[in-house]
Amino acid sequence: MTTPHRHIVVFGGTFDPIHHGHLRSAIELKELLGADELRLMPSHRPPLRGEPGASSQQRLTMVQAAVEGEPGLRVDDRELGRDAASYTVESLRDLRAELGEAVTLTMVVGSDAYARLQHWQQWSSLLDYAHLLVLERADYPLEAAPEVAMAMNARRVSHVADLASEPAGKFASVRLRQLPISATDIRERVACGRSIRYLLPDVVAAHIARWGLYQTK
Ligand code: ATP
């Protein structure tokens, strides 16, 4: 019997702030893939978004606090160390160099991000380093630009479990039960003085209050 290779899953995002929608999906993805570890990877300056409401360091601290004590959930802060815009392809290239060729690496993106994948730096090279798994979100159907759809369909596997048999290079999508929580709504609630309790971990809400984040729209 061959020993199964390690399987590392990377879940990137702004996490401004991290909330229970992200965290439930992270745990369910890890279980579904039978992965050894899921790394939440906050992005420094999202090239396709405006400036986030909290600083990089504050977002990192909130993500670290949120996953503390949860086995198998880790934080990968490599993108926050960069001065320039952070590109996923560079992070995956670095991760592959660190992990070696045999480890299975899966990058998860939401279907909202997938719909804009054609604008990502070297999007077609992502599969050189990792599998791409699209998390189908309720309000965002699985749609992509024609060139992206063509490239990904050629690499598609029908079952998510099939990703584990190779280190990289495949595409899959998955629909999980999702909590209808968004960071935008949380920021707006804070700005209006409404409660954010139960939308995110108490420890994260405490940081938001202590630092006075998201007070203005
Ligand atoms: P914003 O409202 O600021 O756009 P967000 O809540 O969508 O933020 P991001 O940091 O942009 O959060 O998301 C990181 C990743 O998590 C993306 O792939 C996104 O699709 C996914 N995601 C966001 N909210 C949820 C949710 N409620 N359930 C599952 N996945 C989510």
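Only a predicted model underlies this, so the values are computations on that prediction, with no experimental measurement involved. (Residues numbered from 1 in each chain as written. Predicted model: local features only at pLDDT ≥ 70, side-chain atom pairs only at ≥ 80, totals over all residues. Heavy atoms only, no water.)

### Here's the deal with the site of the ligand
Heads up, the rule is: Whether a residue is near a molecule or strand depends on its heavy atoms: if one lies within 4 Å, it is near. Definition of a polar contact: a pair of N or O atoms within 3.5 Å, with one able to donate and the other able to accept a hydrogen when the atoms are protein atoms, and with sequence-neighbouring residues admitted only if both atoms are side-chain atoms. The accessible surface values rely on the Shrake-Rupley method and a 1.4 Å probe; as for residues, cover is taken only from the protein chains in view. Here a strand is any run of E in DSSP of at least two residues, a helix any run of H or I of at least four, and the numbering for each starts at the N terminus. When residue character is reported, Ala, Val, Leu, Ile, Met, Phe, Trp, Tyr, Cys and Pro are called nonpolar, Asp, Glu, Lys and Arg charged, and the others, Gly included, polar.
In the vicinity of the ligand there are 22 residues, among which Asp112, Leu179, Ile181, Ala183 and Thr184 approach most closely. Between the ligand and aspartate 112 there is a distance of 2.9 Å, counted from an oxygen atom to a side-chain nitrogen or oxygen. Interatomic distance of 2.4 Å between a side-chain N/O atom of threonine 184 and an oxygen atom of the ligand. For the ligand, the protein covers 91% of the area, taking 600 Å² as the surface of the free molecule. Elements with a minimum of two residues in the shell around the ligand: strand E1 (7–13), helix H1 (20–33), strand E4 (104–110) and helix H7 (183–191). In terms of residue class, the shell around the ligand is made up of seven nonpolar, 11 polar and four charged.

### As for helix H2 (residues 56–67)
Where we set the bar: In a helix, the anticipated span is given by 1.5 Å times the number of residues less one. For each residue, the accessible area found with a 1.4 Å probe, counting protein chains only, is set against the maximum for its type, and the residue is called buried under 20%, exposed over 50%, and partly exposed in between. By definition in these notes, contact holds between two residues if any of their heavy atoms fall within 4.5 Å.
Look at H2: 17 Å from first C-alpha to last across 12 residues, which is about the 16 Å you get at 1.5 Å a residue. Within H2, nine of the 12 residues are buried, which leaves the element mostly enclosed by the surrounding structure. Next to the buried residues of H2 lie H1, strand E2 (37–42), strand E3 (73–75) and helix H8 (202–211).

### Here we look at the nonpolar core
As a reminder, the rule being used: Only buried Ala, Val, Leu, Ile, Met, Phe, Trp, Tyr and Cys residues count toward a nonpolar core, and they belong to the same one when joined by side-chain atoms within 4.5 Å.
Membership of the largest hydrophobic core comes to 38 residues, with the highest contact counts inside it found for Ile18, Leu40, Leu133 and Ile208. If you list the elements that add at least two residues to this core, you get E1, H1, E2, H2, strand E5 (131–135), strand E6 (171–174), H7 and H8. Per-element accounting of this core gives the leading share, five residues, to H1. The contact partners of leucine 40, leaving out residues within four places of it in the chain, are Phe11, Phe15, Ile18, Leu23, Ala26, Val63, Val67, Arg74, Val75 and Asp76. With 26 residues, the next largest nonpolar core counts Val103, Trp123, Ala130 and Ala145 among its residues.

### Observations regarding the sheet that holds E5
Across a sheet, strands are paired by hydrogen bonds formed along the backbone, either parallel or antiparallel in direction. Put simply, the rule is: DSSP calls a pair of strands paired once it identifies at least 2 bridges connecting them. Geometry is summarised by axes, namely lines fitted to C-alpha atoms with helices restricted to the contacting stretch, and by angles between N-to-C directions that run from 0 to 180 degrees.
The sheet built from six strands is open, its strands ordered E3-E2-E1-E4-E5-E6 with parallel pairing. One side of each edge strand has no neighbouring strand; the edge strands of this open sheet are E3 and E6. Between one strand axis and the next, the sheet turns by 25° as a mean value, whatever way the strands run. Contacts from H1 reach E1, E2, E3, E4, E5 and E6, with the element oriented near 145° to E2.

### A look at the confidence of the model for the protein chain
Using the following cut-off: For every residue, the predictor assigns a confidence score, pLDDT, that lies between 0 and 100.
Residues at a pLDDT of 70 or more form 94% of the protein chain, whose mean pLDDT is 92. Within the protein chain, helix H4 (residues 111–114) has the poorest average pLDDT of any element, 92, and H8 the best, 98.

### Describing the packing of aromatic side chains
Quick note on the threshold: Each aromatic pair joins two rings of Phe, Tyr and Trp (for Trp, the six-membered one) with centres within 6.5 Å, and gets the label stacked for planes under 30 degrees apart, edge-to-face for over 60, and tilted for any other angle.
Enumeration over the complete set of coordinates arrives at two aromatic pairs. Each ring, one from phenylalanine 11 and one from phenylalanine 15, has its centre 6.2 Å from the other, and the planes form 75°; the classification is edge-to-face. By the burial criterion, phenylalanine 11 is buried, and phenylalanine 15 matches it.

### Digging into the packing of H2 against H8
Note the following rule: An angle counts as roughly parallel when it lies under 35 degrees, as roughly antiparallel when it exceeds 145, as roughly perpendicular when it falls between 65 and 115, and as oblique in every other case. Helix crossings are classified by the rotation of the near helix relative to the far one: an anticlockwise turn of less than a right angle makes the crossing left-handed, while a clockwise turn makes it right-handed.
For the pair H2 and H8, the least separation of the axes is 9 Å and the interaxial angle reads 155°. Classified by the interaxial angle, the pair formed by H2 and H8 is roughly antiparallel. Helix-helix and strand crossings are classified by hand; for H2 and H8 the assignment is right-handed. In this structure, H2 contributes Gln58, Thr61, Met62, Ala65 and Ala66 to the contact, and H8 contributes Val203, Val204, His207, Ile208 and Trp211.

### Some remarks on the pairing of E1
To keep things clear, this is the line we draw: Crossover handedness is defined by viewing with both strands directed away from the observer: a clockwise path from the first strand over the helix to the second marks the crossover as right-handed.
A large share of E1 lies buried, amounting to five of its seven residues. Bridging between E1 and E4 involves five bridges; their strand directions are parallel. The residue bridging valine 9 from the neighbouring strand is threonine 106, located in E4. Between E1 and its parallel partner E2, the chain crosses via H1, and the hand of that crossover is right-handed.

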